[in-house]
Each structure stands twice: as structure tokens, then as C-alpha cells.
Amino acid sequence: MNRIEGRDKVTGRARYAYEYPADGVAYAYAVQSGVARGRIASVDALGVLAMPGVLAVLSCAEPPALSADASPELALFQTRDVAYRGQIVAGIVAETLEAARAAERELRISYEAEPHDVRLRPDHPGLYAPDKVNPNFPTDTEKGDVNAGLAAAAVSIDATYATPTQHNNPMEPHAAMAVWDAGGALTVYDSTQGASADRDMIAAALGLAPERVRVVSPHVGGGFGSKGTTRPHAILAALAARAAGRPVKVALTRQQMFDVTGYRTPTIQRLRLGADPEGRLTALVHDVIEQSSTLVEFAEQTATPSRVMYAAPALRTTHRLVRLDVPTPSWMRAPGECPGMFALESAMDELAIAAGLDPVELRVRNEPDTEPESGLPFSSRNLVGCLREGARRFGWDHRDPRPGLRQEGRWLIGTGMAASTYPARRRPSQATAATADGGFVVRIAAADIGTGARTALTRIAAQALDTSADRVRVELGDSALPTASLAGGSMGTSSWGSAVVKACEAMLKDGHSGRADTTEDVKGDTGFARHAFGAQFAEVWVDPATGEVRVPRLLGVFAVGRVIDETLARSQLIGGMTMGLGMALMEETEMDEEAGGFLNRDLAQYHVAACADVQDIDAMWIDEEDGHLNPMGAKGIGEIGIVGTAAAVANAVYHATGRRIRDLPITPAKILD
Ligand code: MOS
């Protein structure tokens, strides 16, 4: 199906958070810390308050009331302590955005700065083992005797890989309008990946009962994880609206988004692989180093894919974290799997070369019978099917593995591949279905963040009701609708679809209306390892004189359960692969070690892959039936597309040039070095 709201979007009728009208609306602008660590000595707002149009200044000088339970990320203006450069330390409310920004330049904040530390390094004395890694995995795991496995290996790899800080850059910036009614209830028009969770987090921060808060977000211009948790702009809007006694809008600038909406932690990953002469793994060790802020412990689950992928009799994974004077990392498309699989799949390529084996064949030989870490049976796997089908379609069979041999004009040409994986989970959700206007209406507080969720749920409901999609209207993006889980973790379709199918079935029984809650169903999701898998293939052309890398061909073949809508699925998968291409070649945020904070904070200096970088890119899927997942038999597709792409490109760069680049992104400078 084409997207139901597609016409509204391209004609500008679809309304985003910042675009809602309100009488007497005012504007707030976030003022950011100029130091990376220290204390605010004073805030002098008197001059600013005298400026034309300025309504209020919010800061720690007079802390606005917030709940003591507010997350430190959202507890605006409650403390004089500064945790990172770019932290929001004041807010200016004015009649116009221009007046607020003009006042920001005049606001005098003085700091008692302290020395800061913003650099992740493998010998950092502050490294420690967190109690768990996200969302609730053990920090370290060990099975079998890895030392014996490594010692017995005929072939082995010991290599360290690094991925940089990366930032989500949704097209729609983080923006909100907050409106308090006379009775003290709050409505927030927000750009969020989940209206229900956003409502709960805003209510908790403000110390309100959740019923007193409503979040409205029918259209969201991308999130990728950065809108999966409430960000401070929404709290600033609520506090500013309370202070001004008027509705208030806040939009973060692109630069501010880099500082306060989260980022993917940089990682340093050591991979040790041992294999017997036939390439069968004898040991796999994956040790990860990453960072968090001093405010909140965020421990990315980077080594978890190594617990899932290959049949190693001895397997060890570890995560170590250091708390630096930096913004708190957060979710970015396929957190954990995406950086972790760059390292594991690069190492597997190195092992294939060391063992004299084809890299596709190496992976097939290490296919496990059950999930290696847990021993659980897979609900379905089909990685081998993806590898074989991808190899066939890509034309892998006649590949000469020797590097640096193929040349066309000034270009060195190479091909590479990597595997993909991402968990297939679901979360409890509620939905209702009812007859309406000769058709049906389905209600659920799901989020369509540009994925096509509204359209997918319409198809799911139509099938459950045995009717055509044009007779079904899906209402989503509003916390007043039945509570639903986030658009995150590739769990949206699976979680919401389960509730929608159940509500539709209840309605068919009742005749007029049905209501569903999948909390109990989700509790039954045990006993199987549930993951999606895939195989990615890349062709690269490298100019050895300039170091330029082009990627004329990218192919992904995925095993993602039943595909609900082919158009939407292909968009999600090639979108993920395009983001993976950016990860491979471009995306990197640099810390300013002198001053703290990020150096490159806009789209001129933080490069993402755009249409001109993408040439022949395609994604397909193999037929997969998996009755263990949910009523639709669907796995998530939002994230797996980015997993493995960067390794496939890096492996192809090695094949083209003979140069192994283990730290992303693969820039011209690194090729030429
Ligand atoms: Mo996605 S990083 O799970 O929002």
C-alpha cells in the first residue's frame, strides 16, 4: 500500500508538533552550558528581563518546581552542577523566537569551571563493569573454556575495532508545544516515538498523575531512537508555559539536537576468534569498552550479537563503561547490534582470509543448532538461507578472494559481505476496534515516525476483520488512545499488531466493539530465541589516489518473518542500509577535548548518506513462517537493515585495496594513510 498519510505529508497538510496553532503562543529558547564540568556561580537575568518581548527566564537561580523523581536528564534548572558542555542551563521565554534568541545572547551566566575528561580510551582508570547492559542483559557472559579454545586454534584473529560517536539526525527536529488548562492539566504536542511513554515520563518529571498529561503526536518526522525517551525540550516547554501562563513552543536547533537528544556511544571492541583447520570456531571472545555520562548510566549492549550468532563451544563477552563529562548516550538504530556486528563481522572476514575460506562458507560452517549463549531453540533463523540467496543474487560465486587485483580506470574494485541480526521482541499494548461510519475504527497510541506504521496497522486490521483496507481507519499518535508501547526496538508492528488483531477478533465476537490488552500474551513469549537475520553484500570502488570510496551496489537479503507490506518493508530495509552506508563512510562526531562538547554539530560537518551516495541498493526477504512470534508471524524490520552494512563495506574495501580499516568511518585519509 501507499502510505495513507502520504498525500497529507507531501502537500504540507500533515501537522507536526511545532505546527499546531494556539492563541497567545509564546516561544522558549534553550540556553546551554559553556563549560564541560563545574558549577553555575551566578545567573544575571535582570538585563534580559528588561528586553522587549521577554516574558520569563528559567534557571537554577530560582528553580522551578519539578518532581524529585525526575530523571537527571530531565530535571531542568534543579542544580547548579554542570555535567557536560551543551547541557541546558537556562530557558528564555519570549513573545517571539527572535526575541528569545536575542535575549540568549545577552544572558550572563558565570561558571566555576572544573577540569573535565571527555575522551574514551582503553586504559581509562575509571572503567568499570555495570550491573547490566541495556535493556536488561548480563554485562559479562562466559561459556566453555575460552583460553583452551584459543590455545587449540589452528587459525586465530586478535584485533581491535572502533566505532565513533554517531548522532541521529531525524528530519523533524525535536519540538514541542505545551498547553496548560485552567484546571492544571497539561497537553504536550511532541515529536515522540511513543505518546504513552512520553506522557508517563513528562508526568513523572513534573510530579503529575499521568491522567493529567496528554501527548499528541500523529505525525513524527523520524526518530531512530532519539525520540524514544522524553527529551528536555518537552520539559522546557511545560515549565515555560507554566511560568508564562501561555502556551509555549520549543524547537531545538539542529546544533542543540547534537547536545541534548542522545547519541550512539563510541566503542572500542577487541575480538579474539579461534578456529580449527576447517574454520569451525573453537573460541569467540568479544570485549567492549564504551562510555556514559556522569548523570545516568547508559550501557549499550554491544557484545550481545556475539551471544547469538555462531556456534563457538567457548564464548565470552564483556562490557566495560567509563563515566565521562559528556552528554548521556542513548538509542540509535539497532543499539548494540549495529556497532557490535561491525566488529564481529569484520573479524569473521579476517578469519575467513586467515583460514583460506570463503566468508559465506565460514559463516555457514559456524551455524549453531540452538542459540549459543542460552541454548534455547530459535523460533526461526534462516541465516543460511539469506547467505545463499544473497550470494546467488549478488553473483558472489566467481569471486577471486585475493585483494587488490581488480581495477577499472582509476578505481580499485572489491566486494564484501557480512551477516545481520536483530532481536524479534514485543511489548504489551492495548487497542480497541469498533464499527464506525459503515466501516471500522481501530484506536491505539502507536507512533508512526515515518515508518508507515499507520498503513501497516490498517492492513493488519483489515485482514483480521476480513475487510478491505479502505474500510478501516486507524487512529494513533495520542496518549488519550489505548496505551501502547514505543516505536522502538523494532517492536512496533509486532506489539501493536498483536493488540490490534486481538481487538478486532473481540469486536467480531461482540458485533460492535472490542478491546484488547496483550500483557498476558507477551508474558508467554518464552522458551525460544527470537531474532531476525540477514546477509548483506557490497561492491566498492576505491580511488587509491584520493581515497574516495564509492558503493555502486548494496544488496541485503533478510529473514524477518512475514512481511506485512512490501513497499513499506523495502523502504525500512534500504533505509537502514543507507544509514549503514553513512556509518561505514561518513558518520562521526568528534569531541572537543579542550572545551568539552561536540565539535561538529550540523549537517554540513556531520555527513549522512544522501540519495546521491546511494546507487544500486536493494533489499529482499526470503519466505519465512514463524508461528512463535505473534498473530501476524512478523518480525521487526526497522533496525536490522543497518546491522552489518558497515562491515560488508569495510570487508569490500579490504578486498579492493588490501587495506583493513578497523575504525569507522572509512575516510579518504585512512585509505591514504
Ligand atoms: Mo530504535 S534505536 O529502537 O528507537
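Calculation notes
- Residues numbered from 1 in each chain as written.
- Predicted model: local features only at pLDDT ≥ 70, side-chain atom pairs only at ≥ 80, totals over all residues.
- Heavy atoms only, no water.
- Buried < 20%, exposed > 50% of the residue type's maximum accessible area, 1.4 Å probe, protein only.
- Helix = DSSP H or I, 4+ residues; strand = E, 2+ residues; numbered from the N terminus.
- Pairing = 2+ DSSP bridges.
- Domains from an automatic or database assignment.
- Contact = heavy atoms within 4.5 Å.
- Buried area = accessible area lost by both parts, 1.4 Å probe.
- Salt bridge = Lys/Arg side-chain N within 4 Å of Asp/Glu carboxyl O.
- Nonpolar A, V, L, I, M, F, W, Y, C, P; charged D, E, K, R; others polar.
- Phe/Tyr/Trp six-rings, centres within 6.5 Å; stacked < 30°, edge-to-face > 60°.
- Lys NZ or Arg CZ within 6 Å of the ring centre and 35° of its normal.

### Notes on the pairing of strand E19 (residues 411-423)
- For E19, the buried fraction is high: 13 of the 13 residues fall into the buried class.
- The side-chain alternation of E19 yields two buried faces, one formed by Trp411, Ile413, Thr415, Met417, Ala419, Thr421 and Pro423 and the other by Leu412, Gly414, Gly416, Ala418, Ser420 and Tyr422.
- The pairing of strand E18 (residues 406-408) with E19 spans three bridges and is classified as antiparallel. By the bridge assignment, arginine 406 is partnered in E19 with isoleucine 413.
- The hairpin turn running from E18 into E19, its antiparallel successor, is two residues long, and glycine 409 in that turn takes a positive phi close to 60°.
- Inspection of the sheet shows E19 paired to strand E24 (residues 531-542) by 12 bridges, in the antiparallel sense.

### So, the domain arrangement of the protein chain
- Along its sequence, the protein chain is carved into domain 1 (336-424 + 529-672) and domain 2 (430-523).
- Inter-centroid distance (C-alpha atoms) of domain 1 to domain 2 is 33 Å.
- Contacts between the two partners involve 15 residues from domain 1 and, on the opposite side, 16 residues from domain 2.
- The largest share of the area that domain 1 buries against domain 2 comes from Ile564, Leu568 and Met632, three residues that together contribute 42% of it.
- For the interface between domain 1 and domain 2, the tally reads one salt bridge.
- Here arginine 459 makes a salt bridge to aspartate 565, at a shortest N to O gap of 2.9 Å.
- Going through the elements one at a time, E19 and helix H14 (566-585) are the ones with two or more residues in the side of domain 1 that touches domain 2.
- Its residues placed into classes, the side of domain 1 that touches domain 2 shows eight nonpolar, four polar and three charged.

### Some remarks on the side chain of arginine 272
- Mapped onto the elements, arginine 272 comes out in strand E15 (residues 267-275).
- Residue classification places arginine 272 among the buried residues on the basis of a relative accessible area of 16%.
- When near neighbours in sequence (up to four residues on either side) are disregarded, arginine 272 contacts Leu150, Ile157, Asp158, Ala283, Leu284, Val285, Asp287 and Arg316.

### Observations regarding the packing of aromatic side chains
- Summed over the entire model, instances satisfying the criterion amount to 10 aromatic pairs.
- Ring geometry for tyrosine 18 against tyrosine 27: centres 6.4 Å apart, planes inclined by 55°, an arrangement best described as tilted.
- The exposure class of tyrosine 18 is partly exposed, given its relative accessible area of 25%.
- Through successive ring pairs, a cluster of aromatic residues spans Phe394, Trp396 and Phe537.
- A cation sits over an aromatic face here: lysine 249 above tyrosine 18, 5.3 Å from the ring centre.
- Sitting above the plane of the phenylalanine 394 ring, arginine 553 keeps its charged end 3.8 Å from the centroid.

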